[in-house]
Amino acid sequence: MKKEFVVIGLGRFGGSIVRELIEQDAAVMAIDKDSERVDEFASIATQAVVADTTDETVLKSLGIRNFEHVIVAIGENIQASILTTLMLKEIGVKQITVKAQNDYHAKVLNKIGADRVVHPERDMGIRIAHNMLSNNVLDYLELSDEHSIAEVQANEKLAGRTLIGLDIRAKYGINIVAIKREKDIIVSPQADMEIELADVLIIIGSDSDINRFEKKVLN
(Lines give C-alpha, C1' and ligand atoms only; values in the text may rest on other atoms or scores of the structure.)
Protein backbone atom coordinates (compact mmCIF):
# COMPACT_ATOMS: atom_id res chain seq x y z
CA MET A 1 0.00 0.00 0.00
CA LYS A 2 1.10 3.56 -0.68
CA LYS A 3 2.02 5.73 2.27
CA GLU A 4 -0.56 8.48 2.74
CA PHE A 5 0.25 12.10 3.63
CA VAL A 6 -1.53 15.41 4.00
CA VAL A 7 0.35 18.63 3.22
CA ILE A 8 -1.29 21.82 4.50
CA GLY A 9 0.10 25.01 2.93
CA LEU A 10 1.25 24.95 -0.68
CA GLY A 11 3.93 27.63 -0.72
CA ARG A 12 7.50 26.87 -1.80
CA PHE A 13 8.21 24.54 1.14
CA GLY A 14 4.89 22.71 1.16
CA GLY A 15 4.78 22.53 -2.62
CA SER A 16 8.24 20.98 -2.81
CA ILE A 17 7.20 18.33 -0.24
CA VAL A 18 4.09 17.46 -2.27
CA ARG A 19 6.13 17.06 -5.46
CA GLU A 20 8.80 14.91 -3.80
CA LEU A 21 6.28 12.66 -2.02
CA ILE A 22 4.41 12.08 -5.29
CA GLU A 23 7.76 11.41 -7.00
CA GLN A 24 8.40 8.76 -4.33
CA ASP A 25 5.04 7.12 -5.10
CA ALA A 26 3.17 8.29 -1.99
CA ALA A 27 -0.49 9.36 -1.89
CA VAL A 28 -0.85 13.05 -0.99
CA MET A 29 -3.79 15.25 -0.13
CA ALA A 30 -2.68 18.86 -0.75
CA ILE A 31 -4.60 21.61 1.10
CA ASP A 32 -4.49 25.41 0.98
CA LYS A 33 -6.91 28.31 1.51
CA ASP A 34 -5.75 29.84 -1.79
CA SER A 35 -7.71 28.35 -4.70
CA GLU A 36 -5.03 29.34 -7.24
CA ARG A 37 -2.39 27.34 -5.36
CA VAL A 38 -4.73 24.39 -5.08
CA ASP A 39 -5.44 24.56 -8.83
CA GLU A 40 -1.67 24.44 -9.45
CA PHE A 41 -1.44 21.12 -7.59
CA ALA A 42 -4.69 19.58 -8.85
CA SER A 43 -2.82 17.62 -11.53
CA ILE A 44 0.14 16.79 -9.24
CA ALA A 45 -1.31 15.68 -5.89
CA THR A 46 -3.54 12.66 -5.41
CA GLN A 47 -6.20 15.07 -4.14
CA ALA A 48 -6.08 18.89 -3.94
CA VAL A 49 -8.53 20.73 -1.67
CA VAL A 50 -9.38 24.36 -0.87
CA ALA A 51 -9.98 24.43 2.89
CA ASP A 52 -9.55 26.39 6.13
CA THR A 53 -7.67 23.97 8.37
CA THR A 54 -8.21 26.04 11.53
CA ASP A 55 -11.81 24.75 11.45
CA GLU A 56 -12.08 21.40 13.24
CA THR A 57 -15.29 20.53 11.38
CA VAL A 58 -13.52 20.93 8.04
CA LEU A 59 -10.62 18.70 9.14
CA LYS A 60 -13.03 15.99 10.27
CA SER A 61 -15.04 16.18 7.04
CA LEU A 62 -11.84 15.63 5.02
CA GLY A 63 -11.05 12.47 7.01
CA ILE A 64 -7.58 13.71 7.88
CA ARG A 65 -7.42 11.52 10.99
CA ASN A 66 -7.13 8.51 8.66
CA PHE A 67 -3.80 9.72 7.19
CA GLU A 68 -0.60 8.50 8.83
CA HIS A 69 1.34 11.77 8.58
CA VAL A 70 0.32 15.43 8.27
CA ILE A 71 2.79 18.16 7.34
CA VAL A 72 1.77 21.71 8.33
CA ALA A 73 3.69 23.99 5.97
CA ILE A 74 1.66 27.18 6.48
CA GLY A 75 3.77 30.21 5.57
CA GLU A 76 3.60 33.58 7.32
CA ASN A 77 0.40 33.04 9.36
CA ILE A 78 1.78 31.73 12.67
CA GLN A 79 -1.65 31.78 14.31
CA ALA A 80 -3.12 29.57 11.58
CA SER A 81 -0.15 27.19 11.91
CA ILE A 82 -0.62 26.87 15.68
CA LEU A 83 -4.42 26.50 15.47
CA THR A 84 -4.14 23.89 12.71
CA THR A 85 -1.61 21.89 14.76
CA LEU A 86 -3.90 22.04 17.80
CA MET A 87 -6.88 20.85 15.76
CA LEU A 88 -4.86 17.97 14.28
CA LYS A 89 -3.86 16.86 17.79
CA GLU A 90 -7.48 17.17 18.93
CA ILE A 91 -8.79 14.86 16.20
CA GLY A 92 -6.06 12.29 16.86
CA VAL A 93 -3.57 12.55 13.96
CA LYS A 94 -0.66 10.18 14.74
CA GLN A 95 2.27 12.04 13.20
CA ILE A 96 2.44 15.84 12.77
CA THR A 97 5.41 17.70 11.29
CA VAL A 98 5.23 21.51 11.38
CA LYS A 99 7.29 24.24 9.74
CA ALA A 100 8.36 26.89 12.28
CA GLN A 101 8.91 30.53 11.37
CA ASN A 102 11.12 31.32 14.38
CA ASP A 103 12.24 29.96 17.76
CA TYR A 104 9.18 31.32 19.59
CA HIS A 105 6.88 29.61 17.09
CA ALA A 106 8.87 26.38 17.51
CA LYS A 107 8.52 26.51 21.34
CA VAL A 108 4.74 26.86 21.08
CA LEU A 109 4.53 24.01 18.54
CA ASN A 110 6.55 21.72 20.78
CA LYS A 111 4.37 22.58 23.79
CA ILE A 112 1.11 21.80 21.97
CA GLY A 113 2.38 18.41 20.81
CA ALA A 114 3.90 18.68 17.32
CA ASP A 115 5.86 15.46 16.75
CA ARG A 116 8.53 17.20 14.70
CA VAL A 117 9.31 20.89 14.17
CA VAL A 118 11.42 21.91 11.19
CA HIS A 119 13.17 25.19 10.35
CA PRO A 120 13.75 24.96 6.57
CA GLU A 121 14.96 28.54 6.04
CA ARG A 122 17.31 28.45 9.04
CA ASP A 123 18.63 24.99 8.17
CA MET A 124 19.24 26.00 4.56
CA GLY A 125 20.99 29.15 5.76
CA ILE A 126 23.30 27.04 7.94
CA ARG A 127 24.07 24.71 5.02
CA ILE A 128 24.83 27.59 2.64
CA ALA A 129 27.01 29.38 5.22
CA HIS A 130 29.12 26.26 5.81
CA ASN A 131 29.43 25.73 2.06
CA MET A 132 30.57 29.34 1.55
CA LEU A 133 33.11 29.10 4.38
CA SER A 134 34.64 25.99 2.86
CA ASN A 135 34.16 24.68 -0.67
CA ASN A 136 34.88 21.21 0.72
CA VAL A 137 31.68 21.18 2.85
CA LEU A 138 29.06 19.68 0.54
CA ASP A 139 26.17 19.36 2.97
CA TYR A 140 25.41 20.10 6.61
CA LEU A 141 22.51 18.91 8.75
CA GLU A 142 21.74 19.75 12.38
CA LEU A 143 20.92 16.70 14.53
CA SER A 144 20.31 18.76 17.69
CA ASP A 145 21.15 22.21 19.05
CA GLU A 146 24.79 21.19 19.50
CA HIS A 147 25.47 18.26 17.14
CA SER A 148 25.46 17.92 13.37
CA ILE A 149 26.34 15.62 10.51
CA ALA A 150 28.26 16.90 7.49
CA GLU A 151 29.46 15.69 4.11
CA VAL A 152 32.96 16.95 3.31
CA GLN A 153 35.12 16.53 0.24
CA ALA A 154 38.57 15.06 0.90
CA ASN A 155 41.35 17.49 -0.01
CA GLU A 156 45.12 17.17 -0.42
CA LYS A 157 45.63 17.26 3.36
CA LEU A 158 43.52 14.10 3.73
CA ALA A 159 44.24 12.18 0.52
CA GLY A 160 46.69 9.32 0.86
CA ARG A 161 46.31 9.20 4.65
CA THR A 162 44.71 6.36 6.62
CA LEU A 163 41.98 7.00 9.19
CA ILE A 164 44.20 5.73 11.99
CA GLY A 165 47.05 7.93 10.77
CA LEU A 166 44.84 11.04 10.75
CA ASP A 167 43.47 10.19 14.22
CA ILE A 168 40.58 12.60 13.62
CA ARG A 169 38.56 11.38 16.58
CA ALA A 170 41.33 12.08 19.08
CA LYS A 171 42.39 15.38 17.51
CA TYR A 172 39.00 16.89 16.70
CA GLY A 173 36.40 14.83 18.59
CA ILE A 174 34.48 13.87 15.42
CA ASN A 175 33.72 10.48 13.88
CA ILE A 176 33.87 9.45 10.22
CA VAL A 177 30.77 7.24 10.01
CA ALA A 178 30.93 6.54 6.27
CA ILE A 179 32.85 7.32 3.08
CA LYS A 180 31.27 7.85 -0.32
CA ARG A 181 33.58 6.62 -3.07
CA GLU A 182 32.15 7.01 -6.57
CA LYS A 183 28.89 4.99 -6.45
CA ASP A 184 29.76 3.07 -3.29
CA ILE A 185 29.12 3.99 0.35
CA ILE A 186 31.51 2.43 2.83
CA VAL A 187 29.81 2.36 6.24
CA SER A 188 32.02 2.23 9.38
CA PRO A 189 35.29 2.29 7.37
CA GLN A 190 38.26 0.33 8.73
CA ALA A 191 40.99 2.23 10.58
CA ASP A 192 43.63 1.27 7.97
CA MET A 193 41.52 2.51 5.04
CA GLU A 194 43.32 5.10 2.91
CA ILE A 195 41.40 8.21 1.89
CA GLU A 196 41.32 9.13 -1.80
CA LEU A 197 41.10 12.66 -3.20
CA ALA A 198 37.59 12.21 -4.65
CA ASP A 199 36.18 10.68 -1.45
CA VAL A 200 33.28 12.30 0.42
CA LEU A 201 33.55 11.82 4.18
CA ILE A 202 30.36 11.72 6.25
CA ILE A 203 31.31 13.07 9.66
CA ILE A 204 29.36 13.47 12.89
CA GLY A 205 30.18 15.47 16.00
CA SER A 206 29.52 18.61 18.01
CA ASP A 207 29.17 21.83 16.03
CA SER A 208 32.28 23.32 17.65
CA ASP A 209 34.39 20.24 16.79
CA ILE A 210 33.16 20.17 13.19
CA ASN A 211 33.91 23.90 12.83
CA ARG A 212 37.42 23.33 14.19
CA PHE A 213 37.95 20.47 11.72
CA GLU A 214 36.74 22.64 8.84
CA LYS A 215 39.13 25.47 9.71
CA LYS A 216 42.20 23.31 10.41
CA VAL A 217 41.86 20.62 7.75
CA LEU A 218 39.48 21.72 4.98
CA ASN A 219 40.53 25.32 4.41
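All values reported here derive from a predicted model rather than from experimental measurement.

Caption draft 1: Spotlight on the domain arrangement of the protein. Under the domain assignment used here, the protein contains domain 1 (4-118) and domain 2 (123-218). Of note, the centres of domain 1 and domain 2, computed from C-alpha atoms alone, are 35 Å apart.

Caption draft 2: View of the environment of Asn-102. By the secondary structure assignment, Asn-102 is in the loop between strand S5 (96-99) and helix H5 (103-111). Distance from Asn-102 to Glu-214, taken between C-alpha atoms, is 28 Å for residues 112 residues apart in sequence. The contact partners of Asn-102, leaving out residues within four places of it in the chain, are Ile-78 and His-119. A distance of 3.2 Å separates a polar atom in the side chain of Asn-102 from the backbone nitrogen of Tyr-104.

Caption draft 3: Summary view of the nonpolar core. One finds Val-6, Ile-31, Ile-64, Val-70 and Leu-88 to be the most contacted residues of the largest nonpolar core, which totals 25 residues. For this core, the elements supplying multiple residues, two or more each, are strand S1 (4-8), strand S2 (27-32), strand S4 (69-72), helix H4 (78-91), S5 and H5. Residue contributions to this core peak at five residues, all from H4. Excluding residues within four positions of it along the chain, Val-6 makes contact with Met-29, Ile-31, Ile-64, Phe-67, His-69, Val-70 and Ile-71. Among the nonpolar cores identified, the runner-up in size contains 21 residues, and Val-137, Ile-168, Ile-176 and Leu-201 belong to it.

So, how was this worked out
- Residues numbered from 1 in each chain as written.
- Predicted model: local features only at pLDDT ≥ 70, side-chain atom pairs only at ≥ 80, totals over all residues.
- Heavy atoms only, no water.
- Domains from an automatic or database assignment.
- Helix = DSSP H or I, 4+ residues; strand = E, 2+ residues; numbered from the N terminus.
- Contact = heavy atoms within 4.5 Å.
- Polar contact = N/O pair within 3.5 Å; in protein donor to acceptor, adjacent residues only side chain to side chain.
- Core = buried A, V, L, I, M, F, W, Y, C linked by side-chain atoms within 4.5 Å.
- Buried < 20%, exposed > 50% of the residue type's maximum accessible area, 1.4 Å probe, protein only.

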